[in-house]
Amino acid sequence: MSIRTREWQLAARPEGEPSPDDFRLVELERPDPGEGQVAVRMIAMSVDPYMRGRMRLGPSYAPPWEIGETMQGGAVGRVVASRAPDVPEGALVLTDAAWRDVAVLDARAVTRLPDGDVSPSYYLGVLGMPGLTAYAGLFRVAGFRAGDAVFVSGAAGAVGSLVGQFARLRGASAVIGSAGSPEKVRWLREELGFSAAFDYHDGPVAELLRAAAPDGIDVYFDNVGGDHLEAAMAALHVHGRAALCGAISTYNATEPPPGPRNFSGLMVAKRLRLEGFLVGDHVDLRTEFLENVTGWLRSGDLVVRETVREGLEQAVPAFLDLLRGGNTGKMVVRLGPDA
Ligand SMILES: NC(=O)c1ccc[n+]([C@@H]2O[C@H](COP(=O)([O-])OP(=O)(O)OC[C@H]3O[C@@H](n4cnc5c(N)ncnc54)[C@H](OP(=O)(O)O)[C@@H]3O)[C@@H](O)[C@H]2O)c1
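Residues numbered from 1 in each chain as written. Predicted model: local features only at pLDDT ≥ 70, side-chain atom pairs only at ≥ 80, totals over all residues. Heavy atoms only, no water.

## Details of the layout of surface pockets
Unoccupied space between atoms shows up once a probe the size of one water molecule is rolled over them. This is how the line gets drawn: Here a cavity is any set of points on a 1 Å grid over the protein atoms alone where a 1.4 Å probe fits but cannot get out, and a pocket is any open set with protein on both sides within 12 Å along at least 5 of 7 lines; a residue lines the site when it has an atom within 4 Å of a point. Grid points are joined across faces, edges and corners, and a volume is the space filled by probe spheres set on the points. To qualify as a helix, a DSSP run of H or I must reach at least 4 residues; to qualify as a strand, a run of E must reach at least 2; elements of each kind are numbered from the N terminus. Under the grouping applied here, Gly and all other residues not named as nonpolar or charged are polar, the nonpolar ones being Ala, Val, Leu, Ile, Met, Phe, Trp, Tyr, Cys and Pro and the charged ones Asp, Glu, Lys and Arg.
Considered as a void within the structure, the second largest pocket measures approximately 470 Å³ in volume. For the second largest pocket, the lining is made up of 21 residues, of which Arg56, Ser60, Tyr61, Ala247 and Tyr251 are closest to its centre. Looking at the lining of the second largest pocket element by element, the count peaks at three residues for helix H1 (residues 50-54). Class assignment of the residues belonging to the lining of the second largest pocket gives a composition of 13 nonpolar, five polar and three charged.

## Topic: unusual backbone geometry
So the rule is basically this: Exposure is judged per residue with a 1.4 Å probe applied to protein chains only, and the accessible area is read against the type maximum: over 50% gives exposed, under 20% gives buried, and values in between give partly exposed.
The backbone phi angle of Asn262 is positive, close to 60 degrees, even though this residue is not glycine. Considering the arrangement of structural elements, one finds Asn262 in the loop between strand E12 (236-244) and helix H7 (263-269). The exposed category is assigned to Asn262, whose relative accessible area is 52%. One non-glycine residue, Arg271, lies in the positive phi region at around 50 degrees. Tracing the sequence through the fold places Arg271 in the loop between H7 and strand E13 (273-276).

## Regarding empty space enclosed by the protein
Considering all chains together, one arrives at one cavity of 30 Å³ or more under this definition. There is about 80 Å³ of room inside the largest cavity. Lining the largest cavity are Tyr122, Gly125, Val126, Ala158, Ser161, Leu162, Val303, Val304, Arg305, Glu306, Gly329 and Lys330. Considering every element that reaches the lining of the largest cavity, the biggest residue donor is helix H3 (residues 158-169), with three residues. Across the lining of the largest cavity, the residue classes break down as six nonpolar, three polar and three charged.

## A word on the confidence of the model for the chain
The predicted coordinates should not be examined in detail at positions where pLDDT is low. Going by this rule: A residue's pLDDT is the predictor's confidence in that residue, given on a scale from 0 to 100.
Per-chain confidence: the chain averages 97 in pLDDT, with 100% of residues scoring 70 or above. Ranking the helices and strands of the chain by mean pLDDT puts strand E8 (residues 149-152) first, with 99, and H7 last, with 95.

## Overview of the packing of helix H5 (residues 205-212) against helix H6 (residues 226-235)
What counts here: Comment: axis = line fitted to C-alpha atoms, over the contacting stretch for helices; angle = value between 0 and 180 degrees taken between N-to-C directions. Just so you know how the angles are binned, under 35 degrees is roughly parallel, over 145 roughly antiparallel, 65 to 115 roughly perpendicular, and the rest oblique. With the far helix as reference, a near helix turned anticlockwise by less than a right angle produces a left-handed crossing, and one turned clockwise produces a right-handed crossing. In this description, contact between two residues means that some pair of their heavy atoms is separated by no more than 4.5 Å.
Across the interface, H5 lies against H6 with an axial gap of 8 Å and an inter-helix angle of 40 degrees. The angle between the axes of H5 and H6 places the two elements in the oblique class. The element H5 and its partner H6 pack so that their crossing is right-handed. Within the contact between the two elements, H5 uses Val205, Ala206 and Leu209 and H6 uses Asp227, His228, Ala231, Ala232 and Ala235. Here the residues of the contact of H5 with H6 are counted per class, giving six nonpolar, one polar and one charged.

As structure tokens, this is what we get:
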């Protein structure tokens, strides 16, 4: 017996912006689960900016996908066949086997999830990797303290929308966000409780930030890099802190991006602390993170939004759209029913 599945494979390595031709959807037969394995039918998969890095060769923290290889990434699914007593048929699980309908996996490689409390896709966003990234980056890496004025770029995305809200919930004196459209800016101000927000297309970021945060900032959470980082360094107070989470403005770049100008001058004169981080180094915070964020979800204090695309065929369009700002909140692709 075997299992029929569809899988997305990398077809080519793009220069600059990726296109649909860089991917290929194939139909395959996979063997049934062996001893200690489970077959998982996917409910929802994540598309994430770091996947752009996996399309290129060269040093990165996630290994490059091979041409002709089925791509991977976070997905939640339900076990439909099991030869592992700890992970029975019907269990809801988190896997690293996105970009396909069904996967046969070692039971050790999946994580069981609580069933029925929240939409399973929340484990790809607010209760998953992006949520922990926001939590660890703000509270541990940037050393956020009540009373801090916080600026976050990419503020209407999966990570950014949580950073701003976590800061507000823990007593920030101001929360400033930048995003790529008037609708996103309105959402930040009117629904997420940001004190100020701007569309970075409206002028030089340094000027827009100065107008939005005339008294300066204590903390910068960087999702974008480039001109946003340079502007934030100018706005940071003495002893300001920045958590460098990502630099999405550079991911399709074909040349190395220029660094912030006057970097050393500002670093020294203001005694700034800029620290890059990877969420994988902070998994020890997971229990604390889940407790706090589940509490905020239950009390209704946290606004969560997803941009949902339907069907495995939509996985590549969803990914390409994510890189262009087509999402508000977490971008997920729904692959099947929850039950
Ligand atoms: N360090 C870690 O461990 C870690 C973990 C997860 C994520 N990250 C990083 O965190 C950042 C956010 O990730 P996410 O999953 O939350 O994605 P996301 O923010 O939900 O989606 C990406 C967003 O980037 C924005 N964007 C695209 N091109 C841009 C540009 N040239 N300038 C400014 N903004 C641009 C778009 O929004 P607009 O409409 O606003 O342009 C888009 O919606 C990324 O840099 C990612 O690589 C790092």
